[in-house]
Amino acid sequence: MKEMEPQTKLSLKLQAYQYLKTKILNCEYRPNEFLNEQKLCAEMGNISRTPMRDALGRLEQEGLITILPKKGLMVSGITEEDVHSMFEMRLLVEPYALRTYGSEIPRAQLEAFAELMHNPDRIEDFCKNDDDFHELLMSTLPNKYLRSAYDRITGLNTRFRIMTGKVSMINREQTCEEHLLILDAALREDWNTAADALQQHLEIARDKAEGVIKVIRLW
């Protein structure tokens, strides 16, 4: 039984982390909402505070929660600066990854996305498909430090989309056209042109996002 204890504790830490992160990314715990550690433990079947605190510490490192002395836990907010920084990171990393390592992306996966982009009405979850497309473009980046920094802002992007869901930020036809410009160049193995098209696509998305957050001040 004692041999199982470390594994059980690790499992509880991971469960707590995944549970809380999912709630935060889905905005079930909203930006700037205060959380109660005891209630969180109860939500997960009265787990002990040790795995919960481990999970909270990990989420703090990822920038998803803020631990305030004498006040408690708060889900990190989303500010204009956060949105600006998010796109600054994406513009620095995504075109570089595609230009430098795009040739290692499996051609079959690029072709599959191209077929979908030609038929936007067949895409059930467009936001997820968009995320999957950008993840494919990043998938061959070998630099673990760039990858770690990039992964940290993907959760912010998810939360921002959900919180501004009542504003139409994604035009399917336009987005598919922009994706196809990237894909057509990639399938020709013209990675410089593909990276330039990706940069333009991200700049358009950035301008829309920054316009939205200036109008809707939820945070």
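Note that the coordinates shown come from a computational prediction; the quantities given were computed from them, not determined experimentally.

Peer 1: How do you make sense of the overall build of the chain when you look at a structure like this?
Peer 2: Check the secondary structure of the chain and you find nine helices and three strands. Across the chain, helices and strands are ordered from the amino to the carboxyl terminus as α-β-α-α-β-β-α-α-α-α-α-α. Overall size of the chain, expressed as C-alpha extent along the three principal axes, is 55 × 45 × 30 Å. Expressed as a percentage of its 219 residues, the buried residues of the chain come to 41%. Here the contacts in the chain between residues at least 6 apart in sequence split such that 76% fall between residues at least 24 apart. Here the chain contributes 29 positive and 35 negative side-chain charges, whose respective centroids are spaced 9 Å apart.

Peer 1: What is the right way to read the confidence of the model for the chain from this model?
Peer 2: Should pLDDT be low for a region, the predicted coordinates there are not to be read in detail. When pLDDT is averaged along the chain, the result is 87; 90% of the residues meet or exceed 70. Scored below 50 in pLDDT, residues 1-5 makes zero contacts in the model with residues more than four places away or belonging to other chains.

Peer 1: Quick question: what am I supposed to make of the packing of helix 4 (residues 80-101) against helix 6 (residues 126-138) here?
Peer 2: Packed helix pairs are characterised by how far apart their axes lie and by the angle those axes make with each other. With their axes 8 Å apart at the nearest point, helix 4 and helix 6 run at an angle of 60° to one another. Classified by the interaxial angle, the pair formed by helix 4 and helix 6 is oblique. From helix 4, Arg90, Val93, Glu94, Ala97 and Leu98 reach across to helix 6, where they touch His134, Leu137 and Met138. Per-class residue counts for the contact of helix 4 with helix 6 are five nonpolar, one polar and two charged.

Peer 1: What exactly am I supposed to notice about helix 4 here?
Peer 2: The α-helix advances 3.6 residues per turn, and as a result positions three or four apart in sequence lie on the same side. Relative to the 32 Å expected for 22 residues at 1.5 Å per residue, helix 4 spans 31 Å between its end C-alpha atoms, a close match to the ideal helical length. Residues of helix 4 that are buried include every one of Val83, Met86, Phe87, Arg90, Leu91, Val93, Glu94, Pro95, Ala97, Leu98 and Tyr101, and no others.

Peer 1: Where do I start with the nonpolar core in this structure?
Peer 2: Inside soluble globular proteins, nonpolar side chains tend to come together where they are buried. In this structure, Leu98, Leu110, Met117, Leu137, Ile182 and Leu183 are the most contacted members of the largest nonpolar core, which totals 24 residues. Looking at this core, the elements that each hand over two or more residues are helix 4, helix 5 (107-117), helix 6, helix 8 (172-187) and helix 9 (191-215). Broken down by element, this core gets its largest block of residues, seven residues, from helix 8. Apart from residues lying up to four places away in sequence, Leu137 is in contact with Ala97, Leu98, Ile105, Ile182 and Leu198. Leu20, Ile24, Met52 and Ile65 belong to the second largest nonpolar core, which has 19 residues in total.

Peer 1: Can you walk me through helix 7 (residues 144-163) in this structure?
Peer 2: Here helix 7 is 20 residues long and its end C-alpha atoms lie 30 Å apart, about the 28 Å a rise of 1.5 Å per residue gives. The complete set of buried residues in helix 7 reads Arg147, Tyr150, Ile153, Gly155, Leu156, Asn157, Arg159, Phe160, Arg161 and Met163. The backbone nitrogen of Tyr145 has a side-chain oxygen 2.9 Å away, supplied by the residue at the start of helix 7, namely Asn143.

Peer 1: Can you walk me through the packing of helix 6 against helix 7 in this structure?
Peer 2: In the contact formed by helix 6 and helix 7, the axes pass within 12 Å of each other and the chain directions differ by 170°. The orientation of helix 6 relative to helix 7 falls into the category roughly antiparallel. Mapping the contact onto sequence places Cys127, Asp130, Asp131, His134, Glu135 and Met138 in helix 6 and Arg147, Tyr150, Asn157, Thr158 and Arg161 in helix 7. Of the residues assigned to the contact of helix 6 with helix 7, the class counts are three nonpolar, three polar and five charged.

Peer 1: How should I be thinking about the sheet that holds strand 2 (residues 65-68) in this particular structure?
Peer 2: In sheet architecture, strand pairing relies on hydrogen bonds along the backbone and comes in two forms, parallel and antiparallel. What the three strands build is an open sheet, ordered 1-3-2; its pairing is antiparallel. At either margin of the open sheet sits one strand with a lone partner, and together these are strand 1 (34-35) and strand 2. With four bridges joining them, strand 2 and strand 3 (residues 72-75) adopt antiparallel strand pairing. Residue Thr66 lies in a different strand from strand 3, and its bridge partner there is Met74.

Peer 1: Looking at this model, I keep getting lost on the packing of aromatic side chains. Mind explaining?
Peer 2: All chains considered together, the criterion is met by two aromatic pairs. Across the ring face of Tyr17, the terminal group of Arg58 is positioned such that the distance to the ring centre comes to 3.6 Å.

Peer 1: Would you mind going over unusual backbone geometry with me for this structure?
Peer 2: Comment: phi is negative for the bulk of residues other than glycine, and the bulk of peptide bonds are trans. Notably, Asn32 is not glycine yet its phi reads approximately 70°, a positive angle. Within the fold, Asn32 resides in the loop between helix 1 (5-25) and strand 1. For Asn32, a relative accessible area of 30% puts it in the partly exposed group. Although it is not a glycine, Lys70 sits at a positive phi angle of roughly 70°. Relative to the elements of secondary structure, Lys70 occurs in the loop between strand 2 and strand 3.

Thresholds applied
- Residues numbered from 1 in each chain as written.
- Predicted model: local features only at pLDDT ≥ 70, side-chain atom pairs only at ≥ 80, totals over all residues.
- Heavy atoms only, no water.
- Helix = DSSP H or I, 4+ residues; strand = E, 2+ residues; numbered from the N terminus.
- Buried < 20%, exposed > 50% of the residue type's maximum accessible area, 1.4 Å probe, protein only.
- Contact = heavy atoms within 4.5 Å.
- Lys, Arg positive; Asp, Glu negative; His and termini not counted.
- Charge placed at Lys NZ, Arg CZ, Asp CG, Glu CD.
- pLDDT = per-residue confidence, 0-100.
- Axes fitted to C-alpha atoms, helices over the stretch in contact; angles between N-to-C directions.
- Parallel < 35°, antiparallel > 145°, perpendicular 65-115°, else oblique.
- Nonpolar A, V, L, I, M, F, W, Y, C, P; charged D, E, K, R; others polar.
- Expected span 1.5 Å × (residues − 1).
- Core = buried A, V, L, I, M, F, W, Y, C linked by side-chain atoms within 4.5 Å.
- Polar contact = N/O pair within 3.5 Å; in protein donor to acceptor, adjacent residues only side chain to side chain.
- Pairing = 2+ DSSP bridges.
- Phe/Tyr/Trp six-rings, centres within 6.5 Å; stacked < 30°, edge-to-face > 60°.
- Lys NZ or Arg CZ within 6 Å of the ring centre and 35° of its normal.

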